[in-house]
Amino acid sequence: MKAIVIGSGLGGLLSAAKLSGSGYEVEVFERLAMIGGRFTNFNINGYQLTTGALHMLPHGPTGPLAQLIKEVNAKVIIERQDDTAFMRIHEDLEKGIYKDVPFGKFGSTFSAWNRIKLALLLISTRKWSPKNCSFEEWITKNLNMPIAQQMADSFCGWALSLKAADTPVEEAFEIFENLYRHGGPGVPIGGCKAVTDALADVVRKNGGSIETKTEVTEILVENRKAVGVLIDGQKHMADIVISNIGHPFTNDLCKDAPTTPQYKQYLDKIRTIKPSAGVKICLAANEPLIGHGGVLFTPSAKRVNGINEVTNIDPKLAPPGKHLVMAHQTVQWDRIPFLEEEIDLGIADLERIFPNKDYEILLAQSYYDGWPVNRSSSGTDIGNTTPIEGLYVVGDGAKGKGGIEVEGVALGVKNTMNIILG
Ligand code: FAD
């Protein structure tokens, strides 16, 4: 059996590693000159910056991605420091007066009445998951205080690049359940590139091939079945095709898609998919700005949702004695035309969060449309199958339920492999 994989992002490489280790002949085609998509590094002045992710796996060494990496025998070391997530609550943002509250004790800043309500909600929602509203609506109804809403925005902005108002409450609570189940974040030693390079090694070791600078221009469909792809006018035939580029771009490549009612329904669903947008600001610091390898959530900031300093776990991600600090902020869809203003507001936040600290800005990157934070915003993923037999979609355009970012990618790949391999 032969599988063709379109794209060498994390989802494509995980699928290729699993299929090539399960007896499939695998060919991966990547249009860029490098592999890894939005999960690899590039070097600027000795700092390992990235094409996307902030060098963090949301559930560290015990999450779905770590499990899948182990299952395909990829060699990656993932480290986690315990109890290192904090909420930085500013009493006065302009004057820089704040306190850092441990993430697990975020309720300690609430009024006494809301603390009691929160304790009851933490128990009851694990039994009866809230439904049919946004996370923000749920917060407003149950804990009507600005700090609770700011914390929800900070968490959703950091983890999903969404406002709480755009996060379905079902997805938020699936995510909390996964946090209970799998624990908090960790960092792969060597950063994102260590993960995608190790997966590529597995694919090659298993006899698979990965071709860069090779763009797939069409998915060949015969009798409602995917039979291969077109590259430079040449047909490459296969038994199954795995697309790592999200449902809408996958559909664009299916020039002979069927015109059945089922396919029309699929097209209707595709039209509702919105990629989530964001801005990442990378700092080179001459001193630790955070001092731990976890996340500093910033609910009081105007734009920045959270910040990490991965060099506290892997010092080699920066030159000796220096720190790499990365701040993330969601960009609301109607603000995409104003990215420069969004970046300036993020930089102003960082100046207020780290007054008198010794750092410089290395790079500000924006992500939207075809190179987004998530190809399908969390909670709106439509699954891994398509109405075309033998055509599957993996990656963050087809995440598993409750999967934050690359953990969602791993859950989606796991689901796809269960369908294909049984
Ligand atoms: P992609 O990275 O989308 O790869 C798809 C590949 O397909 C690309 O290489 C592309 O070039 C190729 N391709 C496209 N079209 C074609 C074609 N026609 N033919 C051949 N090849 C093609 N996640 C985390 O878990 N932790 C984080 O800290 C984190 N932070 C993030 C911060 C930012 C700013 C961003 C943008 C993302 C972040 N993420 C994070 C999300 C994470 O980076 C992505 O979810 C993940 O990398 C997406 O992988 P993917 O499998 O969907 O593939």
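All of these numbers come straight from a predicted model, not from anything done at the bench. Throughout this document, residue positions are counted from 1 along each chain, in the order its sequence is written. Local features in a predicted model are, by the rule used here, given only for residues with pLDDT of at least 70; side-chain atom pairs are given and counted only at 80 or more, and totals for whole chains, interfaces and linings are based on all residues. To obtain the side-chain values, all non-hydrogen atoms of the structure were used and water was disregarded.

### Here's the deal with the pattern of salt bridges
By definition, a salt bridge exists where a carboxyl oxygen of Asp or Glu is found within 4 Å of a side-chain nitrogen of Lys or Arg. Counted according to the given criterion, the structure contains 17 salt bridges. Here K163 makes a salt bridge to D153, at a shortest N to O gap of 3.7 Å. Linking K163 in the loop between α5 (146–160) and α6 (169–182) with D153 in helix α5, this pair joins segments that are 10 residues apart in sequence. For K163, a relative accessible area of 27% translates into the label partly exposed. Categorising residues by exposure relies on relative accessible area from a 1.4 Å probe, with only protein chains included: less than 20% of the type maximum marks a residue as buried, more than 50% marks it as exposed, and the intermediate range marks it as partly exposed. With relative accessibility at 17%, the residue D153 sits in the buried group. A salt bridge links K401 to E174; its shortest N-O distance comes to 3.8 Å. Note that K401 is positioned in the loop between β19 (391–393) and α11 (405–421) and E174 in helix α6, a separation of 227 residues in sequence. Under the DSSP-based scheme used, a helix requires at least four consecutive residues in state H or I and a strand at least two consecutive residues in state E, with every element numbered from the N terminus.

### Here's the deal with the packing of aromatic side chains
Each aromatic ring pair is described using two quantities: the centre-to-centre distance and the angle formed by the ring planes. Only rings of Phe, Tyr and Trp enter the pairing, Trp through its six-membered ring, and a pair is recorded when the two centres are within 6.5 Å. The plane angle decides the type: under 30 degrees is stacked, over 60 is edge-to-face, the rest tilted. Considering all chains together, one arrives at 14 aromatic pairs under this definition. Between F173 and F176, the ring centres sit 5.3 Å apart and the planes meet at 85 degrees, which makes this aromatic pair edge-to-face. Pair noted here: F173 and F176 are both in helix α6, with a separation of 3 residues, about one helical turn. Here F173 falls in the buried class, since its relative accessible area comes to 11%. Aromatic rings pair up to connect F103, F106, F110, F135, W138, F155, W158, F173, F176 and F297 into one cluster. Above the ring of Y98, the side-chain terminus of R88 is found at 3.9 Å from the ring centroid. Geometrically, a charge over a ring is one whose NZ (Lys) or CZ (Arg) sits within 6 Å of the ring centre while staying within 35 degrees of the ring normal. The aromatic ring of Y180 is capped on one face by R126, whose charged end is 3.8 Å from the ring centroid.

### Points about empty space enclosed by the protein
With a 1 Å grid spanning the protein atoms alone, the term cavity applies to any set of points in which a 1.4 Å probe fits but cannot get out, the term pocket to an open set with protein on both sides within 12 Å along at least five of seven lines, and the term lining residue to any residue with an atom within 4 Å of a point. Grid points are joined across faces, edges and corners, and a volume is the space filled by probe spheres set on the points. The tally for this structure, following the rule as stated, stands at 1 cavity of 30 Å³ or more. The space that makes up the largest cavity amounts to roughly 40 Å³. Under the scheme applied, nonpolar residues are Ala, Val, Leu, Ile, Met, Phe, Trp, Tyr, Cys and Pro; charged residues are Asp, Glu, Lys and Arg; polar residues are all the others, including Gly. Looking at the lining of the largest cavity residue by residue, the class counts come to 4 nonpolar, 4 polar and 2 charged.

### Observations concerning the site of the ligand
One heavy atom within 4 Å of a molecule or strand makes the whole residue count as near it. Close to the ligand lie 32 residues, the nearest being G11, E30, R38, M56 and R375. Distance and chemistry together define a polar contact, namely a pair of N or O atoms within 3.5 Å, with one atom able to donate a hydrogen and the other to accept it when in protein, and with adjacent residues in sequence counting only for side-chain atoms on both sides. Between R375 and the ligand, the recorded distance is 2.7 Å, taken from a side-chain N or O atom to an oxygen atom. Listed by contribution, the elements that provide at least two residues to the shell around the ligand are α1 (10–20) and α11. Looking at the shell around the ligand, its residues break down into 15 nonpolar, 10 polar and 7 charged.

### Examining the environment of E94
By the element assignment, E94 lies in the loop between β6 (86–92) and β7 (97–102). In sequence terms E94 and R352 are 258 residues apart; their C-alpha atoms lie 6.4 Å from each other. Residues count as neighbours in contact if any of their non-hydrogen atoms are within 4.5 Å of one another. Other than its neighbours up to four places away in sequence, E94 contacts K302 and R352.

### A word on the side chain of T298
Mapped onto the elements, T298 comes out in the loop between β15 (295–297) and β16 (306–308). Residue T298 is classed as buried on the basis of its relative accessible area of 4%.

### Here we look at the layout of surface pockets
A volume near 250 Å³ is recorded for the second largest pocket. The wall of the second largest pocket is formed by 16 residues, among which K163, K302, R303, N305 and T330 lie closest to the centre. When contributions to the lining of the second largest pocket are tallied by element, the ones reaching two or more residues are α5 and β17 (323–331). When residues of the lining of the second largest pocket are assigned to their parent elements, the largest contribution, 3 residues, is made by α5.

### Considerations on the domain arrangement of the protein
It is common to give the size of an interface as the accessible area lost on bringing the parts into contact. Domains assigned within the protein are domain 1 (2–79 + 190–274 + 376–421) and domain 2 (86–183 + 276–368). Each of domain 1 and domain 2 has a C-alpha centre, and the two are 28 Å apart. Between domain 1 and domain 2, the residue contacts involve 34 residues of the former and 40 residues of the latter. Accessible-area loss on putting two parts together, using a 1.4 Å probe and summing over both, is the definition of buried area adopted here. Carbon and sulfur atoms supply 63% of the area buried between domain 1 and domain 2, which totals about 2900 Å² over both sides. Among the residues domain 1 hides against domain 2, the three largest losses belong to Y47, L54 and M56. Together they make up 24% of the total. One can count 1 salt bridge joining domain 1 with domain 2. Across the domain 1-domain 2 interface, the total number found is 11 residue pairs in polar contact (both at pLDDT 80 or more). Listed by contribution, the elements that provide at least two residues to the side of domain 1 that touches domain 2 are β3 (41–44), β4 (47–50), α2 (64–71) and α11. Of the residues belonging to the side of domain 1 that touches domain 2, the class tally is 11 nonpolar, 19 polar and 4 charged. For the purposes of this description, domain bounds are those given by an automatic or database domain assignment.

### Details of the sheet that holds β19
On the basis of which strands lie adjacent, the open sheet formed by 5 strands has the order β9-β2-β1-β13-β19 and parallel pairing. Strands with a single pairing partner mark the edges of an open sheet, and in this sheet they are β9 (209–211) and β19. In this sheet, adjacent strand axes meet at a mean angle of 20 degrees when their direction is disregarded. Both strand β1 (residues 2–6) and strand β2 (residues 25–29) contribute to a ladder of 5 bridges, which runs parallel. Two strands make a pair as long as DSSP finds a minimum of two bridges between them. What counts as an axis is a line fitted to C-alpha atoms, over the stretch in contact for a helix, and the angles between N-to-C directions run from 0 to 180 degrees.

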